[in-house]
Amino acid sequence: MKNDTVHAITLGVIKYGDTSLISACFTLEHGLQSYLLKGILSKGGRKISKSLFEPLNLLELQASKNTNNRLGYIKEAKLNSIYKSIPFDLGKKSLLFFLSEVLHQVFREEQESNPPLYHFIEKNLLWLDTQNDLSLFHIKMMLDLTRFIGFYPNISNIKAPYFDLKSGCMSFAKSKTPFLKDPLKSYWIQILGTAFDEIGDIKLPKQQKMELLNQVITYFELHLQQFKPPKSTKILNEIFKTP
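Here's what I pulled together on the structure shown here.

Cut-offs and rules
- Residues numbered from 1 in each chain as written.
- Predicted model: local features only at pLDDT ≥ 70, side-chain atom pairs only at ≥ 80, totals over all residues.
- Heavy atoms only, no water.
- Pairing = 2+ DSSP bridges.
- Helix = DSSP H or I, 4+ residues; strand = E, 2+ residues; numbered from the N terminus.
- Core = buried A, V, L, I, M, F, W, Y, C linked by side-chain atoms within 4.5 Å.
- Buried < 20%, exposed > 50% of the residue type's maximum accessible area, 1.4 Å probe, protein only.
- Contact = heavy atoms within 4.5 Å.
- 1 Å grid on protein atoms, 1.4 Å probe; cavity = no way out; pocket = protein on both sides within 12 Å on 5 of 7 lines; lining within 4 Å.
- Points joined across faces, edges and corners; volume = space filled by probe spheres on them.
- Nonpolar A, V, L, I, M, F, W, Y, C, P; charged D, E, K, R; others polar.
- Axes fitted to C-alpha atoms, helices over the stretch in contact; angles between N-to-C directions.
- Parallel < 35°, antiparallel > 145°, perpendicular 65-115°, else oblique.
- Salt bridge = Lys/Arg side-chain N within 4 Å of Asp/Glu carboxyl O.

1. A few points about the sheet that holds strand E8 (residues 179-180)
Part 1: Pairing in this open sheet of three strands is antiparallel, and the strands run E7-E6-E8 from one edge to the other. The open sheet is flanked by strand E7 (169-171) and E8, the only strands paired with a single partner.
Part 2: Pairing of strand E6 (residues 162-164) with E8 involves two bridges; the strand directions are antiparallel. Its bridge partner being in E8, Phe163 is matched across the sheet by Leu180.

Below, the structure written as structure tokens:
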């Protein structure tokens, strides 16, 4: 079986048998792929380290392509980019764990290569590694992600008092479906219109930060089939409970 160079963003692993793992990865070349890491948990096992496959690591693999719902195999693996701060920062590691849950669900729809989406994620993970103010990164990341998957919010009618989460548009009338009103509506619009480099300037009270994240998750539930709230949401809210 032919092995090719593959650039991958790791999404998580599940145990397979007593000594092996299956790793889900979003790859630049092939989209979502699953790889069997045979014997990686055994003492005398393979030379590939399990630590390489922590959530949202950026890897370069020598691997076979996963075709016809079969598992791919990795011959070699190394870090393509080395995080300098993320491995030592609980807040950043928690963000990556949360986002890996979100992205894994999103990538189920991305069976083919999507270079713009891959580079968007890679660029912002590397940016996060250099930052100190993290509290809105995950919200900004999720909202900007929608640009690549087809339901970016339409806020052109910016003076409307409501944002309808189901239609994805501003509205002058309250909807029977979930909607945002001030102050969350204004924060939503502000975050959408602010570059990553400037999101640290947006200050939200603790409770509104948590409410806004819950509304972003609801937005994903309304627009992505089978999307479920990440299990790590509660933990993330605890870590970022300060303004």
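2. Focus: the nonpolar core
The nonpolar side chains of soluble globular proteins are, as a tendency, buried together.
Part 1: Core analysis: the largest hydrophobic core is formed by 59 residues, its most contacted members being Phe107, Ile121, Met142, Trp188 and Phe220.
Part 2: Top element by residues in this core is helix H1 (residues 90-107). It accounts for eight residues.
Part 3: Sequence-distant contacts of Phe220, that is, excluding residues within four places in its chain, are made with Val102, Val106, Met142, Leu145, Thr146, Ile149, Phe151 and Phe227.
Part 4: Among the nonpolar cores identified, the runner-up in size contains 14 residues, and Ala8, Ile40, Leu52 and Ala63 belong to it.

3. As for the layout of surface pockets
Part 1: Computed from the structure, the largest pocket encloses a volume of approximately 520 Å³.
Part 2: In this structure, the largest pocket is lined by 23 residues; those nearest its centre are Leu11, Gly12, Val13, Glu101 and His104.
Part 3: Of all the secondary-structure elements, those providing two or more residues to the lining of the largest pocket are strand E1 (4-16), strand E2 (20-27) and H1.
Part 4: Here the lining of the largest pocket gets five residues from one element, more than from any other, and that element is H1.
Part 5: Per-class residue counts for the lining of the largest pocket are 10 nonpolar, seven polar and six charged.

4. A short note on the packing of helix H3 (residues 137-149) against helix H4 (residues 184-192)
Part 1: At a minimum axis distance of 10 Å, the contact between H3 and H4 shows a crossing angle of 75°. Overall, the two elements H3 and H4 adopt an arrangement that is roughly perpendicular. Touching Ile139, Lys140 and Leu143 of H3 are Trp188, Ile191 and Leu192, all from H4.
Part 2: The residue inventory of the contact of H3 with H4, partitioned by class, reads five nonpolar, no polar and one charged.

5. Examining the pattern of salt bridges
Note on pairing: side chains with opposite charge can pair once their charged atoms come close.
Part 1: Within this structure, the stated rule accounts for three salt bridges.
Part 2: In this structure, Lys78 engages Glu60 in a salt bridge whose closest nitrogen and oxygen atoms are separated by 3.9 Å. Of the two residues, Lys78 is situated in strand E5 (residues 72-79) and Glu60 in strand E4 (residues 58-63); the sequence distance between them amounts to 18 residues.
Part 3: For Lys140, the salt bridge is made with Asp144, and the minimal N-O distance between the two is 3.3 Å. Of this pair, Lys140 and Asp144 both sit in helix H3, four residues apart, which is roughly one turn of the helix.
Part 4: In this structure Lys140 comes out as buried when scored by relative accessible area, which is 3%.
Part 5: Taking relative accessible area as the criterion, Asp144 reaches 12% and is therefore assigned buried.

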